[in-house]
Amino acid sequence: MTSDLPEAWPLQPPPDTSGAAQTWRWQISKPAQLTAARNQLREALGVVAIPASADQDDIDRLLLAFEELASNGLRHGGPPVRVTVADGENGWLIDVDDDRVDHAPLPAVDRDPALGGLGLPLISRLSEEVGWAVVGSRKHVWARLRATPSEA
């Protein structure tokens, strides 16, 4: 898990997901679509136990990070916002891309919580790794979450 909160997320491309056993994708342009996408992801995760070591807390962390990243894309990015979740051997990658390439993700520091801005620091704490990059004409903001290893 990331413990220090950087002033800006690191500029690095998202990890390769070509080996993912399962990938889910959505195109979102309004909040109702985000709610529907989160519900679809929750249902899919209930059917597919990927990774096998994932427990309910891991799935809850994934759903929270998914909603925070995607809602940031809606608020601060340029439509359409595309959200991809790929499973991996030990967790998931959430990749949110939009066409606002001139707007880097910048966590709010010392802001009144009532004014918002807590999403990126929260995602940073929930995730093993975070980053962003411009790929082609799209900005990608991503987080990699690890499933908790099961106790043997």
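Residues numbered from 1 in each chain as written. Predicted model: local features only at pLDDT ≥ 70, side-chain atom pairs only at ≥ 80, totals over all residues. Heavy atoms only, no water.

A. Seen up close, the nonpolar core. One finds W26, L41, F66, L69, V83, V85 and I94 to be the most contacted residues of the largest nonpolar core, which totals 30 residues. The set of elements that each furnish at least two residues to this core consists of β1 (23-28), α1 (31-47), α2 (56-76), β2 (81-87), β3 (91-98), α3 (119-126), β4 (129-135) and β5 (138-146). Here this core takes seven residues from α2, the largest share from any one element. Setting aside its immediate chain neighbours within four residues, F66 contacts W26, L34, A37, R38, L41, V83, V85 and I94. (Core = buried A, V, L, I, M, F, W, Y, C linked by side-chain atoms within 4.5 Å. Buried < 20%, exposed > 50% of the residue type's maximum accessible area, 1.4 Å probe, protein only. Helix = DSSP H or I, 4+ residues; strand = E, 2+ residues; numbered from the N terminus. Contact = heavy atoms within 4.5 Å.)

B. The arrangement of α3 in detail. Burial runs high along α3: six of the eight residues are buried. Within α3, the full set of buried residues consists of G119, L120, P121, I123, S124 and L126.

C. Here's a closer look at the layout of surface pockets. Approximately 280 Å³ is the volume attributed to the second largest pocket. In this structure, the second largest pocket is lined by 19 residues; those nearest its centre are D87, G88, E89, G91 and R144. Considering only residue class, the lining of the second largest pocket consists of eight nonpolar, five polar and six charged. (1 Å grid on protein atoms, 1.4 Å probe; cavity = no way out; pocket = protein on both sides within 12 Å on 5 of 7 lines; lining within 4 Å. Points joined across faces, edges and corners; volume = space filled by probe spheres on them. Nonpolar A, V, L, I, M, F, W, Y, C, P; charged D, E, K, R; others polar.)

D. Highlighting α2. The end-to-end C-alpha separation of α2 is 30 Å, in line with the 30 Å expected for 21 residues at 1.5 Å each. Within the sequence span of α2, burial applies to D58, I59, R61, L62, L63, A65, F66, L69, A70, S71, N72 and G73. In this fold, the buried residues of α2 make contact with β1, α1, β2, β3, α3 and β5. N-cap assignment for α2: the residue whose side-chain oxygen lies 3.1 Å from the backbone N of D57 is D55. (Expected span 1.5 Å × (residues − 1). Polar contact = N/O pair within 3.5 Å; in protein donor to acceptor, adjacent residues only side chain to side chain.)

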